[in-house]
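Tertiary structure, described
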Amino acid sequence: MRKSILILLACFAVAIAQAQPFQKGTTTANMGIGLGTTLGGLGKARPAVSASVDHSIWSIGGPGVISLGGYVGNTGYKYRYSGYTAKWNYTVIGARGAYHYNGFEKVPDLDVYGGVMLGYNIMKYSSDDSEEHFSGNYDDGLGFSCFVGGRWFFSDSFGVYGELGYGVSVLNVGVTFKF
């Protein structure tokens, strides 16, 4: 058992030694699953999925860089009652910018960031009922949001991430790739 733990720690140390901080010219791509949502809907929810890309553009004074990127996410709901079915589908597409703090010199594989996103919510509603029980105002629209997150890289190009903020879900977790 001790030998297995030592081998695991050695592999982890090698992965940390290879990781580089998020710096100017770095591009990352996230793919995740969301937990919780602020988007409306009744019934059973489909898991929220999202993808985002960040490319660092500017090194600024101090330990950090500014990135610009994009976001797309999707979730939906299905409600059934006495032969009646209603469906809501939400797709959010956005442009985002973030500040990445890379001042953790002893932990270069950690990328902590926060930013803002301007997104467009595309909402589709369908129903098989002519009376439209849930025929509320389901319009597409622009939205502004903030987010904070962190990435932990196990190697130069692969890691995990968690992000808190508005998109198709409140919390996103998943994998991240660095190019």
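Structural notes, computed from the coordinates. (Residues numbered from 1 in each chain as written. Predicted model: local features only at pLDDT ≥ 70, side-chain atom pairs only at ≥ 80, totals over all residues. Heavy atoms only, no water.)

Remarks on the sheet that holds strand E1 (residues 27–35)
Neighbouring strands of a sheet are bound in pairs by backbone hydrogen bonds; such pairs are parallel or else antiparallel. Taken in spatial order, the eight strands line up as E1-E2-E3-E4-E5-E6-E7-E8 and close into a barrel, and their pairing is antiparallel. Averaged over neighbouring strand pairs, the angle between their axes works out to 25° when direction is ignored. (Pairing = 2+ DSSP bridges. Helix = DSSP H or I, 4+ residues; strand = E, 2+ residues; numbered from the N terminus. Axes fitted to C-alpha atoms, helices over the stretch in contact; angles between N-to-C directions.)

A word on the environment of Leu35
Following the sequence through the fold, Leu35 ends up in strand E1. On the accessibility criterion, Leu35 (47% relative accessible area) is partly exposed. Each C-alpha atom of the pair Leu35 and Val170 lies 6.3 Å from the other, and the pair is 135 residues apart in sequence. If sequence neighbours within four positions are ignored, Leu35 has contacts with Ser169, Val170 and Leu171. (Buried < 20%, exposed > 50% of the residue type's maximum accessible area, 1.4 Å probe, protein only. Contact = heavy atoms within 4.5 Å.)

Points about the side chain of Ser50
Mapped onto the elements, Ser50 comes out in strand E2 (residues 44–60). There is a polar contact of 3.4 Å between the side chain of Ser50 and the side chain of Asn172. Setting aside anything within four residues of it in sequence, one finds Ser50 in contact with Asn30, Met31, Gly32, Tyr71, Val72, Gly73, Tyr161 and Asn172. (Polar contact = N/O pair within 3.5 Å; in protein donor to acceptor, adjacent residues only side chain to side chain.)

Points about the environment of Asn30
Within the secondary structure layout, Asn30 lies in strand E1. Owing to a relative accessible area of 1%, Asn30 belongs among the buried residues under this scheme. Spatially, the C-alpha atoms of Asn30 and Asn172 are 9.7 Å apart, while their sequence positions differ by 142 residues. Beyond its immediate sequence surroundings of up to four residues, Asn30 is in contact with Ser50, Ala51, Ser52, Asp54, Arg96, Tyr113, Arg151, Tyr161, Glu163, Val175 and Thr176. Polar side-chain contacts of Asn30 include one of 2.7 Å to the side chain of Thr176.

Topic: the packing of aromatic side chains
Evaluated as defined, the whole model comprises six aromatic pairs. Pairing Trp88 with Tyr125 gives two aromatic rings, centres 5.4 Å apart and planes at 50°, and the pair type is tilted. Of this pair, Trp88 sits in strand E4 (residues 84–101) while Tyr125 sits in strand E5 (residues 110–127); the two residues are 37 residues apart in sequence, bridging distant segments of the chain. For Trp88, a relative accessible area of 3% corresponds to the buried category. (Phe/Tyr/Trp six-rings, centres within 6.5 Å; stacked < 30°, edge-to-face > 60°.)

As for the pattern of salt bridges
Tallied over the full model, the rule gives four salt bridges. Among the salt bridges present, the one from Asp54 reaches Arg151, with a minimum N-O distance of 2.6 Å. Highlighted residues: Asp54 in strand E2 and Arg151 in strand E6 (residues 141–153), separated in sequence by 97 residues. In this pair, the class of Asp54 matches that of Arg151, namely buried. The salt bridge involving Arg96 is made with Glu163; its shortest N-O contact spans 3.0 Å. Note that Arg96 is positioned in strand E4 and Glu163 in strand E7 (residues 158–165), a separation of 67 residues in sequence. (Salt bridge = Lys/Arg side-chain N within 4 Å of Asp/Glu carboxyl O.)

Observations concerning the pairing of E5
By the bridge criterion, 16 bridges tie E4 to E5 in an arrangement that is antiparallel. Note on E5: the bridge partner recorded for Trp88 is Tyr125. Two strands pair when backbone bridges link them, and E5 and E6 are joined in this way by 12 bridges, in the antiparallel orientation. Each residue of the ladder has a partner; that of Tyr120, found in E6, is Leu142.

Notes on the environment of Gly34
Along the chain, Gly34 falls in strand E1. Residue Gly34 is classed as buried on the basis of its relative accessible area, which comes to 12%. Placed 39 residues apart in sequence, Gly34 and Gly73 show a C-alpha to C-alpha distance of 9.1 Å. Beyond its immediate chain neighbours, meaning those up to four positions away, Gly34 contacts Ala48, Ser169, Leu171 and Asn172.

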